[in-house]
Amino acid sequence: MNNQARTSRAERHVRPHESNITAIHDVSSPTTVPAMSIPAQPKPAPGLFMFGRLAFLDNKVSRCYGCGEALKPGGSIPDPPDDLVVTTRLNRLYYNQDGQLQTSPRISSVYFHLNPQCVRAACPLFAVTSCQIPNDLVSFLSLQHQKALLERFGIAYVS
Ligand SMILES: [Zn+2]
């Protein structure tokens with residue numbers, strides 16, 4: 001009996017191609033951001049709110065002014081869409097040496113997680129209508145950012 005030919009044919013198992021599946025995952029890798037013409041530091045007028053990506057903001061930006069938690073857990077910028085933050089400028093509240101709540105006479109920038117609840121924790125009158133997406137940021141927003149803005153803030157925009 002000769003069943004050798006049958007065995008080798010059975011081993012030639014052709015697996016389906018998966019290359020078109022892996023391609024989808026790479027769409028918005030942060031490394032595709034061009035190095036030239038980085039967006040300017042957002043400077044909204046007091047009462048207005050802007051979005052910014054942590055990679056383009058001052059390195060010192062670290063804490064959410066709403067919930068007090070880190071914007072860069074472990075010191076590293078989170079993956080999109082959570083590398084997008086909300087910023088506004090206001091007179092910061094702080095506790096002095098006697099433990100009394102003080103208002104800074106100076107207007108400074110504060111930052112929040114991409115979460116309306118974080119913003120409302122510090123700015124109870126926060127309304128999505130006072131949010132702006134800086135023009136120079138739009139080309140740096142990925143599909144994940146777009147989705148998060150829509151789901152979390154109800155903001156839809158056309159890039
Ligand atoms: Zn927060």
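These figures come from a predicted structure and were not determined experimentally.

Here we take up the overall build of the protein. Looking only at helices and strands, the protein features four helices and four strands. If you list the helices and strands of the protein from N to C, you get α-α-β-β-β-α-β-α. Per-residue burial over the protein gives 21% buried out of 159 residues.

Counted residue by residue, strand S1 (residues 49-53) has five buried out of five residues, so it is predominantly covered. A two-sided burial pattern is seen for S1, the buried positions comprising Phe49, Phe51 and Arg53 on one face and Met50 and Gly52 on the other. Sheet topology places S1 next to strand S2 (residues 84-95); four bridges connect them, and they run antiparallel. Looking at the pairing, glycine 52 lines up with valine 85 of S2.

This paragraph deals with unusual backbone geometry. Note that the residue after proline 80, namely proline 81, is joined by a cis bond; omega there is 10 degrees. Tracing the sequence through the fold places proline 81 in the loop between S1 and S2.

Time to look at the sheet that holds S1. The mixed open sheet is built from four strands, whose spatial order is S3-S2-S1-S4. The two strands at the open ends of the sheet, each matched to only one other strand, are strand S3 (101-112) and strand S4 (131-132). Examined bridge by bridge, S1 and S4 share two bridges and lie parallel to one another. Following the sheet pairing, phenylalanine 49 is matched in S4 by cysteine 131.

As for its placement among the helices and strands, proline 80 is situated in the loop between S1 and S2. When the C-alpha positions of proline 80 and arginine 53 are compared, they lie 9.1 Å apart, and in sequence the two are 27 residues distant.

So, on to the nonpolar core. Cys64, Val85, Val86, Tyr111, Phe112 and Val119 are the most contacted members of the largest nonpolar core, which totals 20 residues. Residue assignment for this core shows that the elements contributing at least two residues are S1, S2, S3 and helix H3 (116-122). In this structure, valine 119 is in contact with Phe49, Gly66, Val86, Phe112 and Phe126, ignoring residues within four places of it in sequence.

Sheet topology places S2 next to S3; nine bridges connect them, and they run antiparallel. Note that in S3 the partner of threonine 87 across the bridge is tyrosine 111. Hairpin connection from S2 to S3: five residues lie between these consecutive antiparallel strands, with glycine 99 at a positive phi of about 80 degrees.

In this section: the confidence of the model for the protein. Across the protein, the average pLDDT comes to 84, with 76% of residues at or above 70. A low-confidence stretch, residues 7-14 stays under pLDDT 50, and its non-local contacts, those more than four residues away or across chains, total zero contacts. A low-confidence stretch, residues 16-27 (pLDDT under 50), is modelled with one contact involving residues beyond four sequence positions or located in other chains.

Cut-offs applied
- Residues numbered from 1 in each chain as written.
- Predicted model: local features only at pLDDT ≥ 70, side-chain atom pairs only at ≥ 80, totals over all residues.
- Helix = DSSP H or I, 4+ residues; strand = E, 2+ residues; numbered from the N terminus.
- Buried ≥ 20, exposed ≤ 12 C-beta atoms within 10 Å, placed from the backbone.
- Pairing = 2+ DSSP bridges.
- Core = buried A, V, L, I, M, F, W, Y, C linked by C-beta atoms within 7 Å.
- Contact = placed C-beta atoms within 7 Å.
- pLDDT = per-residue confidence, 0-100.

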